[in-house]
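# Tertiary structure, described
The primary structure of each chain is shown beneath.
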Amino acid sequence: MSKTQVDARGRSCPEPVILTKKALDQYNGEVVEVLVDLEVAVENIRRYAENHGFAVSISELSGEDYQLTIKK
Amino acid sequence: MSSRLQIILSGLMVGKLGTILVLFGNPVNMGVCVACFYRDIAGSVGLHQAGVVQYIRPEIIGFILGAFIISKMKGEFRVRGGSSPIIRFLLGFFLMIGALVFLGCPLRMILRLANGDLNAVTGLFGYVAGIFVGIQFIKQGFSLGRSVKQKPVGGYTMPLFAVVLLALLLLRPAFITFSTEGPGAAAAPIWMALGAGLLIGGVLQRTRLCTAGGFRDAILIKDYHFMWGLIAIFVANLAGNLIFNFEAFNLGFEGQPIAHTDHLWNFMGMTLVGLTAVLLGGCPLRQTILASEGDTDAIITVVGLVAGAAFAHNFGLASSPAGSTFNGQVAVMIGLAVTLGIAVLSTQTSVSMERGVKSNV
């Protein structure tokens, strides 16, 4: 399956949301996967995506990273 | 509890504690001011000699320890750093210069507003203008670069700093100076200020409330989450002031406590604060919380704030109720020039996009 990946690990506010926004602005049905390493980024991205009609699932990866899978 | 309700409650708490701390001794309209309190601490440990603003503010100790303890308990204490530390130092330094020309951080701006000080409206316009300019760079790909995980030891700098400050506050060795007059001498009892600080630090670690984030997100992505928290601070503080401290409520520009009516420089000072805060990713309060949960870049930012406060008073940059100073005006212009230069040179659309977003087919 094709997908778009955003690696926003180590980015300070609001870059993770902006990088996600740029990917979602070009949403074409492909799943968008976002990698982050802070809870605050998880919360901000989830709020942004859900407010824009996307469904978000979150999985915790090893090494204290999180992966958000975003789709309509 | 919904996150909307949480952010509103945390804002109400900050606003309410702002009123209470003034009632019990803090300077008027300065129940909580992150910039002023770092400035007082800088003076108390001898980094500047402005006799009226020297005190080890227990609120700051509380912010740090509260955020540290809660982040530890929640597994969110992550030691990280390396995202342009020297740039962050400079931005923190100039943020403080802007704040001390206006006479308050963004949080105190809200508290001044809630007690009728209309000079804070001028400041608010400047703050939003600065944030707006910063957002244009963020839209174009401004970034200070990635932070990386670091060895744990560096992350304990802030809590250790707070413990040392607490010891100095309680033991009062001879080399520590406490103001005997002026704002530095106006203080709520230590246990109360410390308790309020712990509460604010702990709760804001959870809700991530940020005065820069509130305006930034509203403008940039039309997300009003943090804005609700800021409105809550204003409403709770306004209500508290009107109910419990009505005599001190004073609507107008003239005769406001620890404020001046130099409109241009109230505006410009807060423009510098807004611009630096948005480029840093958070206001002084938020930087303090981040610094306490292991973000060593935020620690550098706080060091910049303290250094800026020391400079501001050593070189006559800080304003007084009499107005802004020529040196302060020059410093704000230099700060704006340096900050805009940093913003331009850290905005590289192609590079950040290439590294940040990649497509996989």
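Residues numbered from 1 in each chain as written. Chains lettered and ligands numbered in written order. Predicted model: local features only at pLDDT ≥ 70, side-chain atom pairs only at ≥ 80, totals over all residues. Heavy atoms only, no water.

## Details of the pairing of strand 1 (residues 3–7) of chain A
All names here are of chain A. Looking at chain direction, strand 1 and strand 2 (residues 31–36) are connected through five bridges and run parallel. Bridging across to strand 2, Thr 4 finds its partner in Val 32. Where the polypeptide runs from strand 1 across helix 1 (residues 15–25) and back to strand 2, its parallel neighbour, the crossover connection is right-handed. (Pairing = 2+ DSSP bridges. Helix = DSSP H or I, 4+ residues; strand = E, 2+ residues; numbered from the N terminus. Right-handed = clockwise from strand over helix to strand, strands pointing away.)

## What about the environment of Asp25(A)?
Residues and elements named next belong to chain A. For Asp 25, the location among the structural elements is in helix 1. What makes Asp 25 exposed here is its relative accessible area of 52%. In sequence terms Asp 25 and Thr 69 are 44 residues apart; their C-alpha atoms lie 15 Å from each other. (Buried < 20%, exposed > 50% of the residue type's maximum accessible area, 1.4 Å probe, protein only.)

## Topic: the state of the cysteines
Put plainly, two cysteines are in a disulfide when a covalent bond ties their sulfur atoms together. By the definition in use, this model includes one disulfide over all chains. Each disulfide pairs two cysteine sulfurs, and for Cys33(B) the partner residue is Cys36(B), the sulfurs being separated by 2.3 Å. Taking the sign of the S-S torsion, 70° for the link of Cys33(B) and Cys36(B), the bridge is right-handed. The two residues Cys33(B) and Cys36(B) agree in class, both being buried. We note that Cys13(A) lacks a disulfide partner, and the nearest cysteine sulfur, in Cys210(B), lies 7.5 Å from it. In this model Cys210(B) remains outside any disulfide bridge; the closest cysteine sulfur is found in Cys283(B), 3.9 Å from its own. Judged by its relative accessible area of 5%, Cys210(B) falls in the buried class. (Disulfide = S-S within 2.5 Å.)

## Overview of the nonpolar core
Ranked by internal contacts, the top residues of the largest apolar core, which has 121 residues, are Val36(A), Ile70(A), Tyr38(B) and Tyr127(B). With sequence-adjacent residues up to four places away left out, Tyr38(B) is seen in contact with Ile60(B), Met96(B), Met158(B), Thr288(B), Val302(B), Leu305(B) and Val306(B). (Core = buried A, V, L, I, M, F, W, Y, C linked by side-chain atoms within 4.5 Å. Contact = heavy atoms within 4.5 Å.)

## Some details on the interface of chain B and chain A
Each partner contributes to the interface: chain B provides 35 residues, whereas chain A provides 32 residues. Counting every contact that joins chain B to chain A gives six salt bridges. When the shortest N-O distance is used, the salt bridge between Glu43(A) and Arg208(B) registers 2.9 Å. At the junction of chain B and chain A, the tally comes to 11 residue pairs in polar contact (both at pLDDT 80 or more). Of the residues in the side of chain B that touches chain A, the class split is 10 nonpolar, 11 polar and 14 charged. (Salt bridge = Lys/Arg side-chain N within 4 Å of Asp/Glu carboxyl O. Polar contact = N/O pair within 3.5 Å; in protein donor to acceptor, adjacent residues only side chain to side chain. Nonpolar A, V, L, I, M, F, W, Y, C, P; charged D, E, K, R; others polar.)

## Quick look at unusual backbone geometry
The amide bond that connects Cys13(A) to the next residue, Pro14(A), takes the cis arrangement and shows omega of 0°. Mapped onto the secondary structure, Pro14(A) falls in the loop between strand 1 and helix 1. Positive phi values are uncommon outside glycine, yet Lys222(B) reaches one of about 55°. Within the fold, Lys222(B) resides in the loop between helix 9 (211–220) and helix 10 (225–244).

## Focus on the packing of aromatic side chains
To describe a pair of aromatic rings, one takes the distance between the centres and the angle between the planes. The tally for this structure, following the rule as stated, stands at 10 aromatic pairs over all chains. Geometrically, the ring pair formed by Tyr27(A) and Phe54(A) is edge-to-face, given 5.0 Å between the ring centres and 85° between the ring planes. In this pair, Tyr27(A) is assigned in the loop between helix 1 and strand 2 and Phe54(A) in the loop between helix 2 (39–51) and strand 3 (55–60), connecting sequence segments 27 residues apart. Between Phe93(B) and Phe94(B) the ring centres are 5.3 Å apart and the planes differ by 85°, which places this aromatic pair in the edge-to-face class. The pair Phe93(B) / Phe94(B) is uniform in exposure class, with both members buried. Taken together, the ring pairs connect Phe89(B), Phe93(B), Phe94(B), Phe311(B) and Phe315(B) into an aromatic cluster. (Phe/Tyr/Trp six-rings, centres within 6.5 Å; stacked < 30°, edge-to-face > 60°.)

## Quick notes on the packing of helix 5 (residues 106–113) of chain B against helix 10 of chain B
Residue and element names in this part refer to chain B. Two elements in contact, helix 5 and helix 10, have axes separated by 8 Å at closest approach and are oriented at 40°. Of the possible angle classes, the one that applies to helix 5 and helix 10 is oblique. When the axes of helix 5 and helix 10 are compared, the crossing they make is right-handed. Of helix 10, the residues touching helix 5 (which contributes Leu 107, Ile 110, Leu 111 and Leu 113) are Leu 230, Ile 233, Phe 234 and Asn 237. (Axes fitted to C-alpha atoms, helices over the stretch in contact; angles between N-to-C directions. Parallel < 35°, antiparallel > 145°, perpendicular 65-115°, else oblique. Left-handed = near helix turned anticlockwise from the far one by under 90°.)

## Some thoughts on the pairing of strand 3 of chain A
Residue and element names in this part refer to chain A. Of the pairings in the sheet, the one linking strand 3 to strand 4 (residues 66–71) comprises six bridges and is antiparallel in character. Residue pairing in the sheet places Ser 59 in a bridge with Gln 67 of strand 4. Where strand 3 folds back onto strand 4 in an antiparallel hairpin, the turn is made up of five residues, including Gly 63, whose phi is positive at roughly 75°.

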